[in-house]
Amino acid sequence: MNSSSDSPSKEINKRLLLSIHQDGFFDILAGLIIINFGWVPILDATGMSPGVRQTLLLAFYGLSVVLVLYLKRRITYPRSGYVKLSKKTSSRLAIIMLIVNIILFVLFAGVYFLDLPLWDYFGSYQLSVPLGLIFLVLFSFSGGLLKTVRFYLYGVLVLFVFIGAEYLFLKGQVADHGIPLAAFVSGGIICFTGCMFL
């Protein structure tokens with residue numbers, strides 16, 4: 001009897017928590033992160049050292065996260081009555097972010113410090129399709145977590161844009177395997193779409 005009386009309130013709380021994460025700010029963050037990738041070959045072309053470049057990109061990533069979280073706290077939460085995340089939801093989000101960041105750390109640590117063979121691919125930027133597949137998995141994972149269909153579409157969008165940019169590179173129409181073009185186009189579309197949901 002007690003569980004049946006708690007069920008409607010839990011369902012309402014779950015839907016409310018999901019709704020405050022579907023306002024477009026996470027879309028904007030995802031778009032900014034993708035755009036971040038596009039600067040890698042451009043910064044390298046200026047002669048910037050990998051260490052300085054990585055510091056700048058990590059700083060941009062950190063500022064993007066802080067900005068989005070700040071805006072959500074200032075805009076989204078007051079608009080929804082300042083719903084506080086339950087411990088279970090907070091833990092789930094924290095675990096997911098931890099896993100994603102561990103994967104990114106291991107990947108870059110392996111490339112830069114352990115001299116793994118992946119360096120050859122990073123150095124020549126032959127990562128259009130693999131990067132597109134990685135974003136497809138991450139967006140699908142986010143779409144499942146947030147129960148937001150557009151995140152699945154983002155994954156497909158990024159994959160096909162990266163493949164298209166690689167094709168243009170093979171035709172000699174763009175440089176750096178099309179990664180800057182693909183990152184700026186797909187990231188810009190995602191940011192613009194996110195702004196429409198604010």
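Residues numbered from 1 in each chain as written. Predicted model: local features only at pLDDT ≥ 70, side-chain atom pairs only at ≥ 80, totals over all residues. Heavy atoms only, no water.

**Comments concerning the state of the cysteines**
A covalent bond between the sulfur atoms of two cysteines is what we call a disulfide. In the structure shown here, the tally under the stated rule is zero disulfides. Here Cys191 is not cross-linked by a disulfide; its sulfur's nearest cysteine counterpart is in Cys195, at 6.7 Å. Cys195 sits in the partly exposed class, given a relative accessible area of 45%. (Disulfide = S-S within 2.5 Å. Buried < 20%, exposed > 50% of the residue type's maximum accessible area, 1.4 Å probe, protein only.)

**Overview of the packing of helix H2 (residues 25-45) against helix H8 (residues 179-196)**
At a minimum axis distance of 7 Å, the contact between H2 and H8 shows a crossing angle of 165°. What the angle tells us is that H2 and H8 run roughly antiparallel. Judged by the sense of rotation from one axis to the other, the crossing of H2 with H8 is left-handed. Here Asp27, Ile28, Ala30, Gly31, Leu32, Ile34, Ile35, Phe37, Gly38, Trp39, Pro41 and Ile42 of H2 lie close against H8, whose contacting residues are Ile179, Pro180, Ala183, Phe184, Ser186, Gly187, Gly188, Ile190, Cys191, Gly194 and Cys195. (Axes fitted to C-alpha atoms, helices over the stretch in contact; angles between N-to-C directions. Helix = DSSP H or I, 4+ residues; strand = E, 2+ residues; numbered from the N terminus. Parallel < 35°, antiparallel > 145°, perpendicular 65-115°, else oblique. Left-handed = near helix turned anticlockwise from the far one by under 90°. Contact = heavy atoms within 4.5 Å.)

**A word on the side chain of His177**
Within the secondary structure, His177 is located in the loop between helix H7 (149-170) and H8. Look at His177 and you get buried, because its relative accessible area is 9%. Here Glu166 takes part through its side chain, which lies 3.1 Å from a polar atom of the side chain of His177. (Polar contact = N/O pair within 3.5 Å; in protein donor to acceptor, adjacent residues only side chain to side chain.)

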